[in-house]
Amino acid sequence: MSNDIFFRKIKTYAQLSPQAEAAWAALLRENTYNKGDYFVTEGQTPKKVAFIVNGLMYQYYAAENGDMVIKYFFPENRIAGSMTATLTQSPSNFTIKALEDTDVLEYNFIEFKKLVAIYPDIAAFYIRYMEQHWIVEKEPYEVSLRYESAKTNYDNFLRKYPGLVKRLKKQHIAAYLGITPTQLSRIFFANK
């Protein structure tokens, strides 16, 4: 597995010096998670994050009533991690699991944070990544799930994850949208 795809994605956020790229490349480890394997389990204090080269993972938790609530999907070219737990080095409230056989490049997040302190270009990547995924994308998503119709949220899902609907079971999409599979079936029929 080549690091090229990883650094092509990183460079969409910030250009890296050869020294910064080499330092980050030294942290990368190839790994494969088979369908059903766990990357992070609820209650685990995560130490690493993973860039999805090929495959699909998802992040979820069990609601008080036992329902699965999916927070996020991680298809190719996304960085998977239970970020709050990783940042605070505390037990994760979420589980991250492979929905398909998944090849990743993973790295120790604490070691990565040391690089952020050393290399301004890696720090620039980190800031732009956090701004894009934790503010620009996250706020509208949180508001939409609370105040928009299930149909609008489904349409937003299709925009956010184009092509992913073919790789998921209806129960996963419904758990992401916070609706029942029956409600999702009604939306499917309305879209035809």
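Attention in this report is confined to the structure presented alongside it.

What counts, and where the lines are drawn
Residues numbered from 1 in each chain as written. Predicted model: local features only at pLDDT ≥ 70, side-chain atom pairs only at ≥ 80, totals over all residues. Heavy atoms only, no water. Buried < 20%, exposed > 50% of the residue type's maximum accessible area, 1.4 Å probe, protein only. Helix = DSSP H or I, 4+ residues; strand = E, 2+ residues; numbered from the N terminus. Arc of directions from axis to C-beta. Phe/Tyr/Trp six-rings, centres within 6.5 Å; stacked < 30°, edge-to-face > 60°. 1 Å grid on protein atoms, 1.4 Å probe; cavity = no way out; pocket = protein on both sides within 12 Å on 5 of 7 lines; lining within 4 Å. Points joined across faces, edges and corners; volume = space filled by probe spheres on them. Nonpolar A, V, L, I, M, F, W, Y, C, P; charged D, E, K, R; others polar. Pairing = 2+ DSSP bridges. Contact = heavy atoms within 4.5 Å. Axes fitted to C-alpha atoms, helices over the stretch in contact; angles between N-to-C directions. Salt bridge = Lys/Arg side-chain N within 4 Å of Asp/Glu carboxyl O.

## Some thoughts on helix α7 (residues 150-160)
Step number 1: Listed as buried for α7 are N153, Y154 and F157. Considered in projection along α7, the buried side chains sweep an arc of 100 degrees and stay on one side of the axis.

## Overview of the packing of aromatic side chains
Step number 1: Counted according to the given criterion, the structure contains 28 aromatic pairs.
Step number 2: On the basis of an interplanar angle of 85 degrees and a centroid distance of 6.5 Å, the ring pair of F112 and F125 is categorised as edge-to-face. With F112 in helix α4 (residues 109-118) and F125 in helix α5 (residues 120-136), this residue pair connects regions lying 13 residues apart in the sequence.
Step number 3: Relative accessible area serves as the criterion here: at 2%, F125 is assigned to the buried category.
Step number 4: Site record: aromatic cluster; members linked through ring pairs are F6, F7, Y13, W24, F51, Y107, F109, F112, F125, Y126 and Y129.

## Structural notes on empty space enclosed by the protein
Step number 1: Inspection of every chain in the model, using the stated rule, returns one cavity of 30 Å³ or more.
Step number 2: Every residue lining the largest cavity is listed: V49, I79, M83, Y107, F109, F112, F125, Y126, Y129 and M130.
Step number 3: If you list the elements that add at least two residues to the lining of the largest cavity, you get α4 and α5.
Step number 4: Broken down by element, the residue count for the lining of the largest cavity peaks at four residues, all from α5.
Step number 5: Partitioned by chemical class, the residues of the lining of the largest cavity number ten nonpolar, no polar and no charged.

## A closer look at the sheet that holds strand β8 (residues 102-108)
Step number 1: Strand order across the open sheet formed by four strands is β1-β8-β3-β6, with antiparallel pairing between neighbours. This sheet does not close on itself; its edge strands, each paired only once, are β1 (29-33) and β6 (79-80).
Step number 2: Where β1 and β8 come together, five bridges link them in antiparallel fashion. Pairing of E30 across the sheet is with L105, part of β8.
Step number 3: The strands that α4 touches are β3 (48-54) and β8; relative to β8, the one it contacts most, it runs at about 60 degrees.

## Describing the pattern of salt bridges
Proximity of charged atoms lets side chains of opposite charge pair with each other.
Step number 1: Inspection of the entire model under this criterion finds six salt bridges.
Step number 2: E111 is paired through a salt bridge with K114; the nearest N and O atoms lie 3.0 Å apart. With E111 and K114 both in helix α4, this residue pair falls three residues apart, about one helical turn.
Step number 3: On the basis of relative accessibility, which here comes to 32%, the residue E111 falls in the partly exposed class.
Step number 4: Its relative accessible area of 45% is what places K114 among the partly exposed residues.
Step number 5: Residue K151 is joined to D155 by a salt bridge in which the shortest nitrogen-to-oxygen separation is 2.9 Å. With a gap of four residues between them, K151 and D155 both fall in helix α7, about one helical turn apart.
Step number 6: Take K151: its relative accessible area is 32%, and that puts it in the partly exposed class.
Step number 7: With a relative accessible area of 23%, D155 lands in the partly exposed category.
Step number 8: Look at the salt bridges and you will find they share partners, linking E76, E100 and R167 into a network.

## Considerations on helix α8 (residues 170-177)
Step number 1: α8 sits mainly inside the fold: six of its eight residues count as buried.
Step number 2: The set of residues buried in α8 consists of H172, I173, A174, A175, Y176 and L177.
Step number 3: G178 lies just past α8 and shows a positive phi near 75 degrees.

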